[in-house]
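Listed below are the residues making up each chain.
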Amino acid sequence: MKRIIIIVMSLLCLRFSCFAKETKPADDVKQRLETYMQIMVDSLFPPSFFQFADEFQNLADSAAIPEYRISARRARMNKYYIEGNTDSLEAVVARGKEVSKMYGDDEQYYLFWSYLINNYIMTDSSEHAIVEAQKMQNEAFNSGSAWGKAYSLNSMGEAYYYVGNYGLASDCFRQAISEYEMIEGTDYFDICTVYYALNLALIGDKRYIEVFSACDAFDSAISILEKTDNEGTINAFKLVCMCARTIAAGRLHRMDLASTYMTKVEYYHDLIKTQNDYYLEARSVYYEEKGDLQEALDANQAAIDYFSSLGLLRETMRFTKAKASLLKRMGRYKESTDSYDYYTTVQDSLQRQSVIRQLNEMTVLNEIQKMELEKKNLEIEVQQTTGKFFKYITALLLLTGIITAIFLIRERSLNAKLHKAVKKAEESDMLKSSFLANMSHEIRTPLNAVVGFSNLLVSGEGSAEDNAQYCNIINLNSDMLLKLVNDVLDLSKLEASPHELNITEFDLATLFNDMGRSFEERVKGKDIEFKVLNPFTKCVVRMDKLKITQLLTNLVFNAIKFTEKGNIAMAYTLNESHITFTVSDTGKGMTKEQIDKIFERFYKVDDFAQGTGLGMAISKALVDNMGGTIKASSVLGKGTSFTVVLPAEVVSSTPAKANA
């Protein structure tokens, strides 16, 4: 996602720095302010831009002209953004939001906020980016701000993209486009930029067929932008749109289409005459699929050099991995091994840094919670002391047994509530401490595997086949680490501030079959038969598609985890305004005591199994969020069945028998 931020930064700076309205300051002040604005337009970046940014703000503040004050703060914000001065940037963003709100400029208020999230992404603070994007989204939707909804959804998509959750990222980008289109007089430059990000997310999620429809919509947005924007901007957007089509066609092995698109890519690239990472990726994919591996390798190396020069380590590593694969196909095994070694070493370092940062944040959170508990205990003591004092004063003043009895009863009731609150807080503290201990144990196992096999790769003693196996093991354990962190983030977001339901109309029968095929691939090679019991050939419903997908995935993955042989079945039925989903297996099963605890956070049926015990808790939170119910039934040694009942609006349905 850093690539998007860097590419559009200079264009955004230019476009949003030139919106000052006609004002009536003193002639000399107005002339100086206009001069600074022109310097921003002409230079954009250092040295001239940085030289006048501070003076521009001071003059705008002294003149107290709203439009110039906002523009000046954006100038300083861009200055600190390019310099990487995070502390100063955060201070300017905070002040910029205050000034924008003071003058009722909703668009600029959320634009300042989005810059702060972009800064977190640029500085590898993904956790801060997601948390800040969630805060921005909550405020925007609560206030009903059209600009806030659009900017917050776009920022949330960028944050999800950066952590590798391309599915959620693409959903956020699509919603952001819808919000932008509903704003009267919206700038289609913003919409085109989001379409660019949407295509990146779809390609990252390997949803290549959807790329073509997204590009068609992208073309329509560009045609509208052509009426108001300059030729250079239009050609840049046309280039990335054609690059997306080329990559999708190549990955789908449609070389006839890929060749046609690549010709147009070269045409627009020649018009722009600037280095472009998307262009290099399109060339690499095209020539790789065409079989011209040397051309693909050259484009890939150019992309590595490009991202390396910008300091974008994650993108550099992505192309380094692709380079190793190309070298292997070309029979240059020694160079391929060196590239894989470098890739795994850097990835291991990034993973360890991420895990350490997560643990540090969890430790700090635990300490904060302990301090809050101590504070609550102190408040309780003060309240109890105060209550006793007033009880005695009242008893002395009124001297009646009835009044004394009333206060005794009230005190007893208060003490009971306070005792319950303290007990709950202590249990929460113990639960967090237990969670940190569990996370440390669960993280250590895959992390040791990553470090151990990375050392084996670095030693160079293994054969090419061994090294490939080591890389697979490292990738597997890295994915395990990422899932641990994602589970914690998902549960905390669901419980702390549940998302609004994103109700859309979709074909449940098609989704069910697609998911079934994906799960069948999961159990290949195992002694398990996967059954998809779909009673309809078409079943159009209005529900939250993303949450349904996440819920069924959690339940099926849990079944696969505890089933060594036999079968797993996934089914659903319609009942007026409700849909009932069932996922059953012939696995280990559970006792009644285990079933009673299965939806508790951090509870694990098997202490030696991988995971933190959050999967079923997340499933329960998802079902609660959608207003449904979930229950489990099981027989020890024979299997388990989960039943979920969710409210749904059924638009139309075609039973399977009717089509037979």
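As the structure is a computational prediction, the values presented were derived from the model and not from experiment.

Caption draft 1: Focus on the pairing of strand β7 (residues 639–647). Pairing of strand β5 (residues 578–585) with β7 involves seven bridges; the strand directions are antiparallel. Counted as the bridge partner of V583 is F642 from β7. Taken together, the seven bridges between strand β6 (residues 629–635) and β7 define a ladder with antiparallel strand orientation. Bridging from a neighbouring strand, S634 pairs with T640 of β7.

Caption draft 2: Just unusual backbone geometry, in detail. In this model, K206 sits at a positive phi of 60°, which is unusual for a non-glycine residue. By the element assignment, K206 lies in the loop between α10 (188–204) and α11 (208–225). Notably, H253 is not glycine yet its phi reads approximately 60°, a positive angle. Within the secondary structure layout, H253 lies in the loop between α12 (231–251) and α13 (255–272).

Caption draft 3: Quick peek at the nonpolar core. Counting residues in each nonpolar core, the largest one holds 87 residues, and the members touching the most others are Y180, F218, F237 and Y278. The contact partners of Y180, leaving out residues within four places of it in the chain, are W147, A150, Y151, T186, D190, I191 and V194. Core analysis: the second largest hydrophobic core is formed by 43 residues, L555, V556, M616 and L622 among them.

Caption draft 4: A look at the sheet that holds strand β2 (residues 527–533). Strand order in the open sheet formed by five strands is β2-β4-β5-β7-β6, and the pairing between neighbours is mixed. Both edges of this open sheet fall to β2 and β6, since each of them pairs with a single strand only. Within this sheet the neighbouring strands show an average axis-to-axis angle of 10°, counted without direction.

Caption draft 5: Inspection of the sheet that holds strand β1 (residues 503–507) at higher detail. The antiparallel open sheet is built from three strands, whose spatial order is β1-β3-β8. Both edges of this open sheet fall to β1 and β8 (649–655), since each of them pairs with a single strand only. Within this sheet the neighbouring strands show an average axis-to-axis angle of 10°, counted without direction. The pairing of β1 with strand β3 (residues 536–544) spans five bridges and is antiparallel. Bridge pairing in β3 links F506 to V541. Packing against the sheet, helix α21 (residues 545–561) makes contact with β1 and β3, and its axis sits at approximately 110° to β3.

Caption draft 6: View of the pattern of salt bridges. If you walk through the whole model with that rule in mind, you get 22 salt bridges. The closest approach of N and O atoms between E210 and R207, which form a salt bridge, is 3.0 Å. Across the pair R251 and E289 runs a salt bridge, and its minimum N-O distance is 3.2 Å. Here R251, found in helix α12, pairs with E289, found in helix α14 (residues 277–290); they are 38 residues apart in sequence, far enough to count as distant.

Caption draft 7: Expanded view of the packing of aromatic side chains. Counted by the stated rule, this structure contains 19 aromatic pairs. When the ring of Y109 is compared with that of Y110, the centres are 4.9 Å apart and the planes differ by 90°; the resulting orientation is edge-to-face. Judged by relative accessible area, Y109 falls into the buried class, the value being 8%. With centroids separated by 6.2 Å and ring planes inclined at 40°, the aromatic side chains of Y572 and F581 adopt a geometry described as tilted. Classification of Y572 as buried rests on a relative accessible area of 2%. Following the ring pairs from residue to residue traces out a cluster consisting of F189, Y195, F218 and F237.

Caption draft 8: How the structure looks around helix α20 (residues 508–522). If you check α20, its first and last C-alpha atoms are 21 Å apart, about what 15 residues at 1.5 Å a residue would give, namely 21 Å. Within α20 the residues assigned to the buried category are L508, A509, L511, F512, M515, G516 and F519. The arc that holds the buried residues of α20, viewed along the axis, is 155°, so those residues lie on one side. Looking at the buried side of α20, the elements it contacts are β1, β2, β3, α21, β4 (565–575) and β5.

Caption draft 9: Seen up close, the environment of L555. By the secondary structure assignment, L555 is in helix α21. Residues L555 and F642 lie 87 residues apart in sequence; the distance between their C-alpha atoms is 7.6 Å. L555 has contacts with V583, M616, S619, I630, F642 and V644, leaving out every residue within four places of it along the chain.

Caption draft 10: Spotlight on the side chain of S170. As for its placement among the helices and strands, S170 is situated in helix α9 (residues 166–182). Here S170 falls in the buried class, since its relative accessible area comes to 0%. If we ignore the near neighbours within four places in the chain, the residues touching S170 are L198, A201, L202 and R207.

Caption draft 11: View of the pairing of β5. The pairing of β4 with β5 spans eight bridges and is antiparallel. Looking at β5, one finds that T573 is bridged to T580. Hairpin connection between β4 and β5: a loop of two residues separates the two successive antiparallel strands, and E576 in this loop has a positive phi of roughly 55°.

Caption draft 12: Representation of the confidence of the model for the chain. Summary statistics for the chain give a mean pLDDT of 78 and a share of 73% for residues scoring 70 or more. Confidence, expressed as mean pLDDT per element, reaches its minimum in the chain at helix α1 (residues 2–16) with 44 and its maximum at β5 with 95. Here residues 1–26 is modelled with pLDDT under 50, and outside its nearest four sequence neighbours on either side it reaches 81 contacts, counting other chains as well.

Caption draft 13: The arrangement of α9 in detail. Helix length check: α9, at 17 residues, gives a terminal C-alpha distance of 25 Å against a target of 24 Å (1.5 Å per residue), a fit within 8%. Considered for burial, the residues of α9 that qualify are G167, L168, A169, S170, C172, F173, A176, I177, E179 and Y180. Looking at the packing, one finds that the buried side of α9 touches α8 (146–162), α10 and α21.

Caption draft 14: Inspection of a nonpolar patch on the surface at higher detail. Taken together, the side chains of I393, L397 and L398 present a nonpolar region at the surface, about 290 Å² in accessible area. Within the fold, I393 resides in helix α17 (residues 333–398).

Caption draft 15: Structural detail: the packing of α8 against α10. Relative to each other, α8 and α10 sit at 25°, their axes nearing to 11 Å. Here α8 lies roughly parallel to α10, going by the angle between them. The hand of the α8/α10 crossing is left-handed. Across the interface between the two elements, W147, Y151, N154 and Y161 from α8 touch D190, V194, L200 and A201 from α10. Residues of the contact of α8 with α10, tallied by class, amount to six nonpolar, one polar and one charged.

Parameters and conventions
- Residues numbered from 1 in each chain as written.
- Predicted model: local features only at pLDDT ≥ 70, side-chain atom pairs only at ≥ 80, totals over all residues.
- Heavy atoms only, no water.
- Pairing = 2+ DSSP bridges.
- Helix = DSSP H or I, 4+ residues; strand = E, 2+ residues; numbered from the N terminus.
- Core = buried A, V, L, I, M, F, W, Y, C linked by side-chain atoms within 4.5 Å.
- Buried < 20%, exposed > 50% of the residue type's maximum accessible area, 1.4 Å probe, protein only.
- Contact = heavy atoms within 4.5 Å.
- Axes fitted to C-alpha atoms, helices over the stretch in contact; angles between N-to-C directions.
- Salt bridge = Lys/Arg side-chain N within 4 Å of Asp/Glu carboxyl O.
- Phe/Tyr/Trp six-rings, centres within 6.5 Å; stacked < 30°, edge-to-face > 60°.
- Expected span 1.5 Å × (residues − 1).
- Arc of directions from axis to C-beta.
- pLDDT = per-residue confidence, 0-100.
- Patch = residues over 30% accessible without salt bridge, like charges linked within 9 Å, V, L, I, M, F, W, Y side chains within 5 Å.
- Areas by Shrake-Rupley, 256 points an atom, 1.4 Å probe, with all protein chains shown as cover.
- Parallel < 35°, antiparallel > 145°, perpendicular 65-115°, else oblique.
- Left-handed = near helix turned anticlockwise from the far one by under 90°.
- Nonpolar A, V, L, I, M, F, W, Y, C, P; charged D, E, K, R; others polar.

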